[in-house]
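Overview (structure and organization)
One letter stands for each residue in the lines below.
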Amino acid sequence: MALQLMKLLISASTTTTVVPTSTRFFNVTSAETAAGATLSIDAASFFQDDGTAVTTLPTLATNNSYINVYINGVLQMEGLSTYTPGATAVGSLAIDVPAGGDPILSGTGIVLEVMNYAPASTTTVAT
């Protein structure tokens, strides 16, 4: 009899689900932020979709999250803002206004959108 390669015959199927959680925070600036300056917004200065005050900005899930920052409804470039999760006096959004550009005027709407994903996988092995 000839030599044969002996191996296991196994089949498997994997089901993956991804559950997104989008949270939006709103702020209306109370003073102008000049070009070259940084607008820093504390967690307590934001309000939620239902108008209630924010007490904590959520933690970003490692490798499964991102933020979007909108100024007057316009999505901003990623490198202009720094997000720090946490409660009042810790959690904040800092927006660097480029030098030589336009200021952020008083009364400007700022929207912070935090996206977190919770992926889960289940593998079933049949022999």
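Described in the following lines is the structure provided in the data block. (Residues numbered from 1 in each chain as written. Predicted model: local features only at pLDDT ≥ 70, side-chain atom pairs only at ≥ 80, totals over all residues. Heavy atoms only, no water.)

Together, Leu8, Ile10 and Val125 make up a nonpolar patch on the protein surface, roughly 330 Å² of accessible area in all. Turning to its location among the elements, Ile10 is positioned in the segment before strand E1 (11–28). (Patch = residues over 30% accessible without salt bridge, like charges linked within 9 Å, V, L, I, M, F, W, Y side chains within 5 Å. Areas by Shrake-Rupley, 256 points an atom, 1.4 Å probe, with all protein chains shown as cover. Salt bridge = Lys/Arg side-chain N within 4 Å of Asp/Glu carboxyl O. Helix = DSSP H or I, 4+ residues; strand = E, 2+ residues; numbered from the N terminus.)

Here the focus is the sheet that holds strand E9 (residues 109–126). Taken in spatial order, the 4 strands make up an open sheet running E1-E9-E4-E5, and their pairing is antiparallel. At either margin of the open sheet sits one strand with a lone partner, and together these are E1 and strand E5 (74–75). Here strand E4 (residues 65–71) pairs with E5 via 2 bridges, running antiparallel. In the strand pairing of E5, Tyr70 is matched with Leu75. (Pairing = 2+ DSSP bridges.)

Another aspect to go through is the sheet that holds strand E8 (residues 92–96). A sheet is described by the order of its strands in space; here 3 strands give the open sequence E2-E8-E6, paired in antiparallel fashion. The open sheet terminates on both sides in strands that have one partner only, identified here as strand E2 (38–42) and strand E6 (81–84). If you compare each strand with its neighbour and ignore which way they point, the axes differ by 10 degrees on average. One ladder, built from 5 bridges, connects E2 with E8; its direction is antiparallel. Across the sheet, the residue bridging to Leu39 is Ile95, located in E8. (Axes fitted to C-alpha atoms, helices over the stretch in contact; angles between N-to-C directions.)

Moving on, we get to the packing of aromatic side chains. Taken as a whole, this structure holds 3 aromatic pairs when the rule is applied. Ring geometry for Phe26 against Phe47: centres 5.9 Å apart, planes inclined by 25 degrees, an arrangement best described as stacked. Within this pair, whereas Phe26 is found in strand E1, its partner Phe47 is found in the loop between E2 and strand E3 (56–57), the two being separated by 21 residues in sequence. (Phe/Tyr/Trp six-rings, centres within 6.5 Å; stacked < 30°, edge-to-face > 60°.)

Turning to its location among the elements, Ser81 is positioned in strand E6. Ser81 has contacts with Val69, Leu93, Ala94 and Ile95, leaving out every residue within four places of it along the chain. (Contact = heavy atoms within 4.5 Å.)

Our focus in this paragraph is the pattern of salt bridges. As a working rule, side chains carrying opposite charge can pair if their charged atoms are close by. In this structure the tally under the stated criterion is 1 salt bridge. Among the salt bridges present, the one from Asp49 reaches Arg24, with a minimum N-O distance of 2.8 Å. Highlighted residues: Asp49 in the loop between E2 and E3 and Arg24 in strand E1, separated in sequence by 25 residues. The exposure class assigned to Asp49 is partly exposed, which follows from its relative accessible area of 49%. (Buried < 20%, exposed > 50% of the residue type's maximum accessible area, 1.4 Å probe, protein only.)

Any functional reading would require information beyond the geometric quantities listed.
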